[in-house]
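Remarks on the overall topology
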Amino acid sequence: MLRGVEIIECLDQDDPGSEGRCLKHILNLMEIKSNYSHVSSIDTLLHTITASRFQYIHISTHGITSIEDQFKGWWTPKGIGTRAKVAQINGEVNATAIVSTACKSGSKSFGRYLVDDLGCKYFIGPTGFPKFYNVSLFVHIFYHKLFMTKGRVPNAFKSYNEIYKNPHGFKLYAQSKP
């Protein structure tokens, strides 16, 4: 596994907020290996996740929610990544962590599912509806802490959570101990 970040962006090309492109630039400035891919379908998103050779996967997209604001899946211009669709890659994720900035993707049921069934050790996602500029600040701070000061996902997230008080409701999920 390469130490770095696979950035997968699933936004419309004319979407005004692209933290994926912003993150790619930030990682370049920090001299951290990364790859940026723009995908438009859920099948391509899932394939890119399983094909990645990076330790960390960052998914920049929107979240689909129900009328009750419950997370229903990752949005792409050509299809929704519902839990049933994501189940196609159960156990195939080699990355240490997935970070998703999709609104509400940090819901307990989705977060637990990703770490317990997909194969990654950690998942981070927001429990609320953060704005583009808030997400950009979170990813900058989190990845700086991960690669430059703290070295491990739980330590980097804990530092962000304690120092910045996590105003946007990002949640960390870890695999259950056997």
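Structural data are supplied above this passage.
Okay, so let's go over this structure. Bear in mind the structure is a predicted one, so any value in this text is a computation, not a measurement. (Residues numbered from 1 in each chain as written. Predicted model: local features only at pLDDT ≥ 70, side-chain atom pairs only at ≥ 80, totals over all residues. Heavy atoms only, no water.)

Moving on to the overall build of the protein. In terms of regular secondary structure, the protein is built from 6 helices and 9 strands. Relative to the globule expectation of 16 Å for 178 residues, the C-alpha radius of gyration of the protein, 15 Å, shows essentially globular dimensions. Out of the 178 residues belonging to the protein, those deemed buried represent 52%. Taking all contacts inside the protein whose residues are at least 6 apart in sequence as the whole, residues at least 24 apart take part in 71%. Just so you have it, the protein exposes about 8,400 Å², and 51% of that area is on carbon and sulfur atoms. (Helix = DSSP H or I, 4+ residues; strand = E, 2+ residues; numbered from the N terminus. Rg over C-alpha atoms; globule rule 2.2 N^0.38 Å. Buried < 20%, exposed > 50% of the residue type's maximum accessible area, 1.4 Å probe, protein only. Contact = heavy atoms within 4.5 Å. Areas by Shrake-Rupley, 256 points an atom, 1.4 Å probe, with all protein chains shown as cover.)

As a further point, take the packing of helix α5 (residues 132–150) against helix α6 (residues 153–164). Across the interface, α5 lies against α6 with an axial gap of 9 Å and an inter-helix angle of 130°. One finds that α5 runs oblique with respect to α6. At the point where α5 passes α6, the crossing takes the right-handed sense. Seen from α5, the contacting residues are F138, I141, F142, K145, L146 and K150; seen from α6, they are V153, N155, A156, F157, S159, Y160, I163 and Y164. (Axes fitted to C-alpha atoms, helices over the stretch in contact; angles between N-to-C directions. Parallel < 35°, antiparallel > 145°, perpendicular 65-115°, else oblique. Left-handed = near helix turned anticlockwise from the far one by under 90°.)

Right, let's talk about the environment of H38 for a bit. Its location among the elements puts H38 in strand β2 (residues 33–38). When its relative accessible area of 30% is taken as the criterion, H38 is described as partly exposed. Counting along the chain gives 17 residues from H38 to R21, while the straight-line C-alpha distance between them is 9.5 Å. Excluding residues within four positions of it along the chain, H38 makes contact with E9, L11 and Q13. Within the structure, the side chain of H38 is placed 2.6 Å from the backbone oxygen of L11, a separation counted as a polar contact. (Polar contact = N/O pair within 3.5 Å; in protein donor to acceptor, adjacent residues only side chain to side chain.)

This part takes up the pairing of strand β3 (residues 54–60). Of all 7 residues that make up β3, 7 are buried, and the element is covered over most of its length. As defined by bridge partners, β3 adjoins strand β7 (residues 97–100) across 4 bridges and the pair is classed as parallel. Bridge pairing in β7 places Y56 opposite A97. (Pairing = 2+ DSSP bridges.)

Close approach of charged atoms allows side chains of opposite charge to pair. Within the structure shown, the criterion is met by 4 salt bridges. A salt bridge links D116 to R112; the nearest nitrogen and oxygen atoms lie 2.9 Å apart. A residue pair is termed a helical-turn pair when its members lie 3 or 4 positions apart in one helix, as D116 and R112 do in helix α4 (residues 108–118) at 4 residues. The class of D116 is partly exposed, set by a relative accessible area of 41%. (Salt bridge = Lys/Arg side-chain N within 4 Å of Asp/Glu carboxyl O.)

Time to look at the packing of aromatic side chains. Each aromatic ring pair is summarised here by two numbers: the centre-to-centre distance and the angle between the ring planes. Scanning the entire structure with this criterion turns up 12 aromatic pairs. Measuring from centroid to centroid gives 5.2 Å for F142 and Y143, while their planes differ by 70°, and the two rings are edge-to-face. For the residue pair F142 and Y143, the accessibility class agrees, reading buried in each case. When the centroid spacing of 6.3 Å and the interplanar angle of 50° are considered together, the rings of F157 and Y160 count as tilted. Placement of the pair is F157 and Y160 together in helix α6, with a separation of 3 residues, close to one helical turn. No difference in accessibility class separates F157 from Y160, as the two residues are buried. Cluster of aromatic residues (ring-pair linked, three or more members): Y56, F138, F142, Y143, F147, F157, Y160, Y164 and F170. Here the basic side chain of K171 rests over the ring of Y173, its NZ or CZ set 5.4 Å away from the ring centre. (Phe/Tyr/Trp six-rings, centres within 6.5 Å; stacked < 30°, edge-to-face > 60°. Lys NZ or Arg CZ within 6 Å of the ring centre and 35° of its normal.)

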